[in-house]
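# Structural overview for review
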Amino acid sequence: MSFKDKYTLSLIGRYDGSNRMGRTDNSRWLPTWSVSGKWNIADEEWMKDQEVFSSLALRGSYGLTADLGPINNSYVIYYYNNTWRPLTNPNKSDEEPSLYINQLANDDLTWEKQYELNIGLDMGFLNERISTSTNVYTRKTFDMIAQTQNSGVGGQAWKWGNVGKGKAWGVETTITTQNIVKRDFNWSTHFTFSYSKDEVTELDAIYNAIGMCMPEGVPLEGKAFHGLYSYKFAGLSEEGFPMVYNENGIPTSTAINFQDRNGQDYLKYEGSIDPSVTGGLRNSFRWKNWSADVFFSYQFGNKIRLNPEFASSYSDMKAMSKSFNNRWMVPGDEHKTNVPVIPSSRQVSTIAGLEYGYNAYNYSDARVADGGFIRLKEVALSYNFTQPWVKEIGLNNLTCRMTASNLWLVYSDSKLNGQDPEFVQSGGVAMPTPKQITFKISTNF
């Protein structure tokens, strides 16, 4: 509803439903709501005589939102499978269809919910040659969904659950400027900036040490929603083997207990995998029938786990990165590099537990990089044909546009050594975002 085009009030109610949670009624339906308002201050009588603002508005909203996240097993999940039974003849097998339980029923699961308060201010200056929009928000999350390790009673050692609460706040701002406005030439700039911070305030979850080091991050009380943790790298041994500090504070290449439940006491907290600062800068140009766009994106304030490339043994199926160029090769290199040696087959067979050291090295602070970057995200050039021949051939308009994406990574941490800071492996077949050049012709009749 609106009054005199100055005051606007909006009430929204939703009743969200999802069948992803099976037959559990408490997880299938959830009412959400929000209330928002806007005050066009520039339309007030006492603002008529001022010449500073061409527009000025104050906005606010408050409401309840919810998300199911990755969960889908309020009801038991069965998968199809083929059994395998060897016969007397080892070259043959007898198969028959079967069902197996992929995830047990967990009817306590429900939506992850949050209350969000948002306050915004929109301003325009110089007849909208300069305009800004700023939003400040705060969120309180409850029934937070996370995967937690338990005793295994009931048949599953790892389960999804509503195990915590959290809070977050942030600020987002955009600035748009019309730098040059001429009959045949325009130049405008659009700048975006956002800063966010989150923290887990309560959590009922236990992780083993290696689970805390996963690249997707884990929530722990007092830390970020997706915090990254690492073994503390203790350098290379005289033989070039990687060493980390284990649960007893001892540097070792073999005596490492990945299942230890007290990792928070000795693992290093790197920070959040989610960037605290994100944004972009777009410049748009128009000259007669030509137009061009140049867009840069950036992010800072997050950490990245480098790809787990190191192992105690390798095969011809393994593609090695440039990091191996700096590996330990002769005694004394342990003082020059932190990249471990490729062990000999004799060392692998005689040194028990050596594979633990290499695995822990993959999840150590030596294999963490800063996730900040600046990228030339897109460059576009287009031409709009307005010549008479366009109409003569029966077209209402004709436009050609060429777009190039992901052309140049202007800045990133040198420790990435070629790894894309925007790409996080998720298993299976996955490729980083490639450079692309597209050409498009659009028209209508």
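Residues numbered from 1 in each chain as written. Predicted model: local features only at pLDDT ≥ 70, side-chain atom pairs only at ≥ 80, totals over all residues. Heavy atoms only, no water.

If you tally the helices and strands in the protein chain, you get five helices and 24 strands. The C-alpha radius of gyration of the protein chain comes to 29 Å, more than 25% above the 22 Å expected for a compact globule of 445 residues. Structurally, the protein chain occupies a C-alpha span of about 85 × 55 × 50 Å along its principal axes. A buried classification covers 37% of the 445 residues belonging to the protein chain. Taking contacts inside the protein chain between residues at least 6 apart in sequence as the whole, the part at least 24 apart equals 66%. Accessible surface, the protein chain: about 26000 Å² in total, of which carbon and sulfur atoms supply 54%. A gap of 6 Å separates the mean positions of the 43 positive and 47 negative side-chain charges of the protein chain. (Helix = DSSP H or I, 4+ residues; strand = E, 2+ residues; numbered from the N terminus. Rg over C-alpha atoms; globule rule 2.2 N^0.38 Å. Buried < 20%, exposed > 50% of the residue type's maximum accessible area, 1.4 Å probe, protein only. Contact = heavy atoms within 4.5 Å. Areas by Shrake-Rupley, 256 points an atom, 1.4 Å probe, with all protein chains shown as cover. Lys, Arg positive; Asp, Glu negative; His and termini not counted. Charge placed at Lys NZ, Arg CZ, Asp CG, Glu CD.)

Scored by pLDDT, the protein chain has a mean of 87; 91% of the residues are at 70 or more. The secondary structure element of the protein chain with the lowest average pLDDT is strand S7 (residues 93-94), at 59, and the one with the highest is strand S18 (residues 277-287), at 97. (pLDDT = per-residue confidence, 0-100.)

Within helix H4 (residues 354-362), burial applies to Leu354, Gly357, Tyr358, Ala360, Tyr361 and Asn362. Elements that come into contact with the buried residues of H4 comprise strand S14 (233-236), strand S15 (242-245), strand S20 (303-305) and helix H3 (345-350).

Ranked by internal contacts, the top residues of the largest apolar core, which has 23 residues, are Leu203, Tyr207, Met212, Leu220, Tyr231 and Leu267. Among the secondary structure elements, those contributing two or more residues to this core are strand S10 (130-149), strand S12 (185-203) and helix H2 (209-212). Phe310, Tyr358, Tyr361 and Ala366 belong to the second-largest nonpolar core, a separate cluster that totals twelve residues. (Core = buried A, V, L, I, M, F, W, Y, C linked by side-chain atoms within 4.5 Å.)

For glutamate 334, the position within the fold is in the loop between S20 and H3. Buried within the structure, glutamate 334 lacks any salt-bridge partner; lysine 336 is the closest side chain of opposite charge, at an N-O distance of 9.0 Å. Engagement of the side chain of glutamate 334 in a polar contact is seen with the side chain of tryptophan 328, the distance being 2.8 Å. Polar contacts involving the side chain of glutamate 334 include one to the main-chain amide nitrogen of glycine 332, which spans 3.0 Å. Ignoring sequence-local partners within four residues, the contact set of glutamate 334 consists of Leu236, Ser237, Glu238 and Trp328. (Salt bridge = Lys/Arg side-chain N within 4 Å of Asp/Glu carboxyl O. Polar contact = N/O pair within 3.5 Å; in protein donor to acceptor, adjacent residues only side chain to side chain.)

Scanning the entire structure with this criterion turns up 20 aromatic pairs. When the centroid spacing of 5.6 Å and the interplanar angle of 55 degrees are considered together, the rings of tryptophan 169 and tyrosine 195 count as tilted. Pair noted here: tryptophan 169 is in strand S11 (residues 158-181) and tyrosine 195 is in strand S12, with a separation of 26 residues, a long-range link. Its relative accessible area of 27% is what places tyrosine 195 among the partly exposed residues. (Phe/Tyr/Trp six-rings, centres within 6.5 Å; stacked < 30°, edge-to-face > 60°.)

The grouping of Phe3, Tyr7, Trp33, Trp39, Trp46, Leu58, Tyr62, Tyr115, Leu117, Ile119 and Leu121 at the surface amounts to a nonpolar patch, some 1000 Å² of accessible area in total. Listed by contribution, the elements that provide at least two residues to the nonpolar patch are strand S3 (29-40), strand S4 (53-67) and strand S9 (112-125). With four residues, S9 is the largest single contributor of residues to the nonpolar patch. Considering the arrangement of structural elements, one finds tryptophan 46 in the loop between S3 and S4. (Patch = residues over 30% accessible without salt bridge, like charges linked within 9 Å, V, L, I, M, F, W, Y side chains within 5 Å.)

So, about the environment of asparagine 40. Within the secondary structure layout, asparagine 40 lies in strand S3. A sequence separation of 196 residues divides asparagine 40 from leucine 236, and the C-alpha atoms of the two residues are 64 Å apart. The contact partners of asparagine 40, leaving out residues within four places of it in the chain, are Asp5, Lys6, Leu56 and Ala57.

Quick look at the sheet that holds S15 now. In space, the three strands of this open sheet follow the order S14-S15-S16, with antiparallel pairing throughout. Of all strands in the sheet, those bounded by a partner on one side alone are S14 and strand S16 (251-252). Bridge count for S14 against S15 is three bridges, and the pairing is antiparallel. Pairing of leucine 236 across the sheet is with proline 242, part of S15. Packed onto the sheet, H4 meets S14 and S15 and runs at close to 70 degrees relative to S15. (Pairing = 2+ DSSP bridges. Axes fitted to C-alpha atoms, helices over the stretch in contact; angles between N-to-C directions.)

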